[in-house]
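# Topology and contacts: notes
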Amino acid sequence: MSEIVLQANDVTAGYVPDLPILRGVSLTARLGQITLIIGPNGAGKSTLIKAISGLIPVSEGSITFNGNDITSIPTEQLTARGIAYVPQTDNIFRSLTIRQNLDLALRRSASAKDTLTRLLDQFPALADKQRDKAGTLSGGQRQFLAIAMALASEPRLILMDEPSAGLSPKAAQEVLEHTRALARQGVSILLVEQNVKQALRLADHCFILAEGRNQVDGSARDLLNDRVVGEIYLGGKRVGAK
Ligand SMILES: Nc1ncnc2c1ncn2[C@@H]1O[C@H](COP(=O)(O)OP(=O)(O)O)[C@@H](O)[C@H]1O
Ligand SMILES: [Mg+2]
């Protein structure tokens, strides 16, 4: 198994003091893998991503990245250390052009020009529309722009909160397949998804949360074939791994 990049140990966190949403959540993400988080609405998936991203305080437990403690470190410092966060909503500036969005994301980059060239090569649909307002992009293209903006900081780990939410099945598949391509390039991905079946087919390992706690975790392939997981999350039918 590849090395551990991110580890959350018994994390307690929430939005207001003394009202924890996460109650002792633990999770491990490995190098170059897609680690999936699933669970019912309100389970605390987004809250976990926000706690890792330094957006909400961790009151108990710890988070490490490449062995270093990053518990409650501000988001900007995490970016500098190699962690990028793609929020579920409001992850691009719709009234700016695609190019302006990318330039904003690249403003702290020491190699902005080269990185821009690389990003435009990687996302040809964005390259063709650089002067268009980001708000005119399709839902899938908007997610690709948000991912491109996250890649601007050349992260080693990307935290993605439901990147396929609200997309057509085809666009959702394209976005999810892109995360696979990123993982192949050695970027580790922590992915929250509600397209459970599609995401399990693509991920390496999966953690299931409910009510702010760990429920089950296992290899994505095992969970895809698990009867109980199938009944709860995959519409009652067992599905075979591809
Ligand atoms: N900004 C917030 N302030 C207070 N409570 C919140 C906030 N965001 C989410 N919550 C609460 O935290 C719990 C977990 O939410 P969330 O992490 O968004 O769940 P999920 O992403 O798994 O659907 C829910 O009970 C939700 O109401
Ligand atoms: Mg959420």
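Residues numbered from 1 in each chain as written. Chains lettered and ligands numbered in written order. Predicted model: local features only at pLDDT ≥ 70, side-chain atom pairs only at ≥ 80, totals over all residues. Heavy atoms only, no water.

### Considerations on the sheet that holds strand 7 (residues 157-161)
Read from one edge of the open sheet, six strands run 6-7-8-3-9-10, paired in mixed fashion. The two strands at the open ends of the sheet, each matched to only one other strand, are strand 6 (83-86) and strand 10 (213-219). Within the sheet, the average angular offset between the axes of one strand and its neighbour, ignoring direction, is 15 degrees. As paired elements, strand 6 and strand 7 share four bridges and run parallel to each other. The residue of strand 7 that forms the bridge with I83 is L157. Packing against the sheet, helix 7 (residues 169-184) makes contact with strand 3 (34-38), strand 7 and strand 8 (188-192), and its axis sits at approximately 155 degrees to strand 8. (Pairing = 2+ DSSP bridges. Helix = DSSP H or I, 4+ residues; strand = E, 2+ residues; numbered from the N terminus. Axes fitted to C-alpha atoms, helices over the stretch in contact; angles between N-to-C directions. Contact = heavy atoms within 4.5 Å.)

### Quick notes on the nonpolar core
Ranked by internal contacts, the top residues of the largest apolar core, which has 49 residues, are L36, L102, F123, L145, M160, L182 and L200. Broken down by element, this core gets its largest block of residues, eight residues, from helix 6 (residues 139-151). Apart from residues no more than four positions distant in its own chain, F123 is found in contact with F144, I147, A148, L151 and H178. Counting residues in hydrophobic clusters, the runner-up holds 29 residues, among them V25, A43, I49 and A51. (Core = buried A, V, L, I, M, F, W, Y, C linked by side-chain atoms within 4.5 Å. Buried < 20%, exposed > 50% of the residue type's maximum accessible area, 1.4 Å probe, protein only.)

### Concerning helix 4 (residues 112-122)
It helps to recall that an α-helix has 3.6 residues per turn; residues three or four apart then point in one direction. Looking at helix 4, one finds that the buried residues are T115, L116, L119 and L120. One side of helix 4 holds all its buried residues, which, seen down the axis, span an arc of 135 degrees. Of the exposed residues in helix 4, those oriented more than 90 degrees away from the buried face are K113, D114 and D121. Looking at the buried side of helix 4, the elements it contacts are helix 3 (98-105), helix 5 (124-127) and helix 6. (Arc of directions from axis to C-beta.)

### So, the site of ligand 1
As a matter of local geometry, ligand 1 sits amid Y15, I21, P40, N41, G42, A43, G44, K45, S46 and T47. Y15 is positioned such that a nitrogen or oxygen atom in its side chain is 3.5 Å from a nitrogen atom of ligand 1. Within the backbone of G44, a nitrogen or oxygen atom sits 3.0 Å from an oxygen atom of ligand 1. About the coverage of ligand 1: the protein hides 56% of its 560 Å² of free accessible area. A per-class count over the shell around ligand 1 returns four nonpolar, five polar and one charged. (Near = heavy atom within 4 Å. Polar contact = N/O pair within 3.5 Å; in protein donor to acceptor, adjacent residues only side chain to side chain. Areas by Shrake-Rupley, 256 points an atom, 1.4 Å probe, with all protein chains shown as cover. Nonpolar A, V, L, I, M, F, W, Y, C, P; charged D, E, K, R; others polar.)

### Observations regarding the confidence of the model for the protein chain
Segments scoring low in pLDDT should not have their predicted coordinates read at a detailed level. Residues with a pLDDT of 70 or more make up 97% of the protein chain, whose mean pLDDT is 93. Below a pLDDT of 50 lies the segment residues 237-242, which in the model reaches 15 contacts outside its immediate sequence neighbourhood of four places, other chains included. (pLDDT = per-residue confidence, 0-100.)

### What to know about the environment of L120
On the secondary structure map, L120 appears in helix 4. Separated by 18 residues in sequence, L120 and L102 have C-alpha atoms that sit 9.6 Å apart. Setting aside residues no more than four positions away along its own chain, L120 makes contact with L102, L126, A127 and Q130.

### Quick look at the packing of aromatic side chains
According to the stated counting rule, one finds one aromatic pair in the structure shown. Centroid distance F123 to F144: 5.8 Å. Interplanar angle 50 degrees. Geometry classified as tilted. Of this pair, F123 sits in the loop between helix 4 and helix 5 while F144 sits in helix 6, placing them 21 residues apart in sequence. The pair F123 / F144 is uniform in exposure class, with both members buried. (Phe/Tyr/Trp six-rings, centres within 6.5 Å; stacked < 30°, edge-to-face > 60°.)

### Quick look at the environment of V11
Take V11: it is sitting in strand 1 (residues 4-13). Judged by relative accessible area, which is 0%, V11 ranks as buried. A C-alpha to C-alpha distance of 6.6 Å links V11 and R23, two positions twelve residues apart in sequence.

### Observations regarding the environment of I208
Within the secondary structure, I208 is located in strand 9 (residues 205-210). By relative accessible area, I208 is classed as buried at 2%. Residues I208 and Q130 lie 78 residues apart in sequence; the distance between their C-alpha atoms is 39 Å. Those residues in contact with I208 that lie beyond four places of it in its chain are I38, R213, N214, Q215, V216, L223, V229 and Y233.

### Thoughts on helix 6
Over its 13 residues, helix 6 runs 19 Å from end to end, which matches the ideal 18 Å to within 8%, given 1.5 Å per residue. Of all 13 residues in helix 6, eleven are buried, a share of seventy percent or more. Among all positions of helix 6, only G140, Q141, Q143, F144, L145, A146, I147, A148, M149, A150 and L151 are buried. Each element contacted by the buried residues of helix 6 is listed here: strand 6, helix 3, helix 4, helix 5, strand 7 and helix 7. (Expected span 1.5 Å × (residues − 1).)

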